[in-house]
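Here is what each chain is made of, one letter per residue.
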Amino acid sequence: MSWENYMPYIYAIFAPFALALFGIIYGLVLKGFDRKLAAHMQWRVGPPLRQPFYDVLKLFEKENIVPKNAVPWIFNSAPIISMGALILALLYLPIGPFNPVLGNYGDLIVLLYILALPGLAMMLGGFSSSSPYSAVGAQREFIMILSYEFPLAIIIFTFAWKYSILYPNLKAFSLLTFVEHPLWQNVGILGFIGLLILLITMLVVTTGEVGRMPFDIADAGTEISGGALLEYTGKNLGLFYLADAVKIVVMGTLIITFFFPYNLSSLLLHYFSLPHYAWLTIDFLFYLLKLFIISFVVVTVMRVAFPRFRVDQVVKFYWGYATLASLIALSLIVLDTVGGV
Amino acid sequence: MIHIETSSGYWYPIIMLIAFIISWLIAYLIWRRGEKSYKKNTEEDDVFFAGNPPPQGELAHIKGNNLGWGFVEALDGFYNGMKRMHNGIINDYVGWFIGILAFVLIIIILWGGAI
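Residues numbered from 1 in each chain as written. Chains lettered and ligands numbered in written order. Predicted model: local features only at pLDDT ≥ 70, side-chain atom pairs only at ≥ 80, totals over all residues.

Section: the overall build of chain A
Along chain A, the regular secondary structure elements total 12 helices and 0 strands. Moving toward the C terminus, one meets the helices and strands of chain A in the order α-α-α-α-α-α-α-α-α-α-α-α. Since a compact globule built from 341 residues should have a radius of gyration of about 20 Å, the 21 Å found for chain A is in line with a globular shape. Along the first, second and third principal axes, the C-alpha set of chain A runs to 60 × 55 × 45 Å. The buried share of chain A, taken over its 341 residues, is 52%. (Helix = DSSP H or I, 4+ residues; strand = E, 2+ residues; numbered from the N terminus. Rg over C-alpha atoms; globule rule 2.2 N^0.38 Å. Buried ≥ 20, exposed ≤ 12 C-beta atoms within 10 Å, placed from the backbone.)

In structure tokens form, the structure reads like this:
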């Protein structure tokens with residue numbers, strides 16, 4: 001048996017490590033840009049771009065304090081569960097020109113459940129810390145999960161429904177279907193407006209999913225001193241910090257997969273002749289640029305432009321406006337499809 | 001290999017479990033690289049409560065009644081309506097049951113084909 005026979009196994013083992021490394025490094029780079037650009041928008045100089053890397057290194061050198069009355073095994077395992085779930089999510093997502101590592105072994109529904117885990121882990125960590133502030137933060141995280149999952153589910157089902165009509169022979173919930181058949185060119189004007197509304201809703205859902213202003217009620221520093229993460233220090237907090245960075249990459253990639261799965265190579269292939277690896281590099285750099293723009297919109301602009309909502313306002317926003325918007329979008333896409341058939 | 005497959009989706013739980021274990025292992029390896037010591041049973045591991053003695057035991061936790069606060073507060077119109085409907089009178093519950101059963105039957109009959 002030649003070494004080439006072992007390649008799929010080697011790939012399967014090393015892909016999670018490579019993806020984890022990519023998610024962490026690029027997530028921290030995006031965090032650095034976020035802090036710098038937010039500072040410039042507020043007429044401040046801001047920290048250097050590499051500040052998030054320094055923060056993580058420092059946190060990992062600090063003492064890892066576990067509160068007296070905490071449940072240590074839950075308290076310590078919460079950041080590991082959170083980070084592990086996000087690395088797993090990366091395995092199901094297409095990264096730029098590369099197909100998902102586990103694309104043939106799980107669909108969007110699986111990914112939806114995996115994406116609920118980091119929030120649940122943070123909630124468990126908060127409840128297990130024995131701090132009243134953390135308990136309030138954990139309760140708020142629970143409310144957040146209940147709030148943003150509903151419009152997100154409607155968005156996913158709208159896409160799947162449309163794909164099931166357009167391509168009855170393909171798996172409508174498969175991310176590979178999403179990447180290979182972008183919806184924009186398969187809808188009429190009503191469907192186009194519907195997709196635009198879905199995009200805006202998805203951006204707003206992502207801001208809530210990554211826990212940034214105006215939806216940062218779970219860690220609201222000025223109200224509950226950091227909420228669920230209040231008692232976390234050292235490597236536990238460092239790992240939550242890294243998980244937060246990876247979450248931006250995961251959610252950004254999800255938006256790209258839904259709405260912008262285009263690669264430059266497919267547009268420019270007819271005009272330039274380049275080797276395969278050069279096109280892969282160009283497409284990957286294009287993906288990084290798309291991620292940067294999405295991160296800028298859903299994290300930086302949102303948190304600079306809007307003040308924090310109250311808890312009940314967040315619920316009203318997601319279950320009211322965001323859900324209504326996604327249902328209107330669904331109706332438009334259905335009308336577009338029925339009219340077009 | 002064990003898997004669930006429908007016309008629109010698929011899931012291989014064993015593959016997911018293996019991938020989960022590898023992902024958690026990576027997270028654990030990162031976590032292990034950090035400092036693990038701290039000064040046990042000193043002021044250091046007291047919880048923060050703005051300088052006051054923190055509440056102990058169950059007082060430090062959110063009661064089950066309040067877990068969904070915010071959600072109930074935001075959707076109070078719906079919840080108040082539901083509370084009014086759940087008045088504890090068995091006749092009302094049976095009335096609802098018969099009413100909804102009649103409604104479902106009418107829908108089925110109008111829809112046709114099912115009967």
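The rest of the description comes next.
Looking at the overall build of chain B
Along its length, chain B carries 4 helices and 2 strands. Helices and strands in chain B line up, N terminus first, as β-β-α-α-α-α. Computed over its C-alpha atoms, the radius of gyration of chain B comes to 27 Å, more than 25% above the 13 Å expected for a compact globule of 115 residues. With respect to the three principal axes, the spread of C-alpha positions in chain B is 70 × 50 × 25 Å. By residue count, 9% of the 115 residues in chain B fall in the buried class.

What to know about the environment of L198(A)
Residue and element names in this part refer to chain A. Relative to the assigned elements, L198 resides in helix α7 (residues 189-209). On a C-alpha basis, the gap between L198 and A220 in space is 28 Å, while along the polypeptide they are 22 residues apart. What L198 contacts, discounting residues up to four positions off in sequence, is I155, T158, S326 and A329. (Contact = placed C-beta atoms within 7 Å.)

With respect to the domain arrangement of chain B
A common way to report how large an interface is uses the accessible area buried once the components associate. Taken domain by domain, chain B consists of domain 1 (1-36) and domain 2 (43-111). For domain 1 of chain B and domain 2 of chain B, the distance between their C-alpha centroids amounts to 34 Å. (Domains from an automatic or database assignment.)

A few points about unusual backbone geometry
At W43(A), a position not held by glycine, the phi torsion is positive, near 60°. Since 6 C-beta atoms lie within 10 Å of it, W43(A) is described here as exposed. Positive phi, close to 55°, is recorded for A50(B), a residue that is not glycine. As for its position among the elements, A50(B) is in the loop between α1 (13-32) and α2 (71-74). Residue A50(B) is classed as exposed on the basis of its C-beta count, with 7 C-beta atoms lying within 10 Å.

Side note on the interface of chain A and chain B
With 55 residues of chain A at the interface, the matching set in chain B holds 40 residues. For the side of chain A that touches chain B, the secondary structure elements donating two or more residues are α1 (7-41), α2 (51-61), α3 (72-92), α4 (108-128), α5 (132-166), α9 (234-259) and α12 (311-340) of chain A. Top contributing element to the side of chain A that touches chain B by residue count: α5(A), with 11 residues. Across the side of chain A that touches chain B, the residue classes tally to 33 nonpolar, 11 polar and 11 charged. (Nonpolar A, V, L, I, M, F, W, Y, C, P; charged D, E, K, R; others polar.)

Brief notes about the nonpolar core
Residues and elements named next belong to chain A. Of all hydrophobic cores here, the largest spans 118 residues; its most connected members are L86, I87, A89, L239, L242 and V250. The element that contributes the greatest number of residues to this core is α9, accounting for 17 residues. Look past the residues within four positions of A89 in its chain and what remains in contact with it is L111, I114, L115 and V250. (Core = buried A, V, L, I, M, F, W, Y, C linked by C-beta atoms within 7 Å.)

Here's the deal with the packing of α7(A) against α9(A)
Two numbers describe a pair of packed helices, the interaxial angle and the distance between the axes. All names here are of chain A. At a minimum axis separation of 10 Å, α7 and α9 run at an interaxial angle of 165°. Regarding the angle of α7 to α9, the classification is roughly antiparallel. Along this stretch, α7 crosses α9, giving a crossing that reads as right-handed. Touching L199, M202, T206 and E209 of α7 are M251, I255, F258 and F259, all from α9. (Axes fitted to C-alpha atoms, helices over the stretch in contact; angles between N-to-C directions. Parallel < 35°, antiparallel > 145°, perpendicular 65-115°, else oblique. Left-handed = near helix turned anticlockwise from the far one by under 90°.)

Regarding the confidence of the model for chain B
Residues and elements named next belong to chain B. In this model, chain B carries an average pLDDT of 84, and 97% of its residues clear a pLDDT of 70 or more. The spread of mean pLDDT over the elements of chain B runs between strand β1 (residues 4-5), the lowest at 83, and α1, the highest at 91. Interface confidence for the predicted complex, given as ipTM, is 0.88, next to a pTM of 0.88. (pLDDT = per-residue confidence, 0-100.)

Re the packing of α3(A) against α1(B)
At their nearest, the axes of α3(A) and α1(B) sit 8 Å apart, and the two run at 130° to each other. Taken together, α3(A) and α1(B) sit at an angle that is classed as oblique. When the axes of α3(A) and α1(B) are compared, the crossing they make is right-handed. Here P79(A), I80(A), M83(A), G84(A), I87(A), L88(A) and L91(A) of α3(A) lie close against α1(B), whose contacting residues are A19(B), F20(B), S23(B), W24(B), I26(B), A27(B), Y28(B) and W31(B). Here the contact of α3(A) with α1(B) is composed, by residue class, of 13 nonpolar, 2 polar and no charged.

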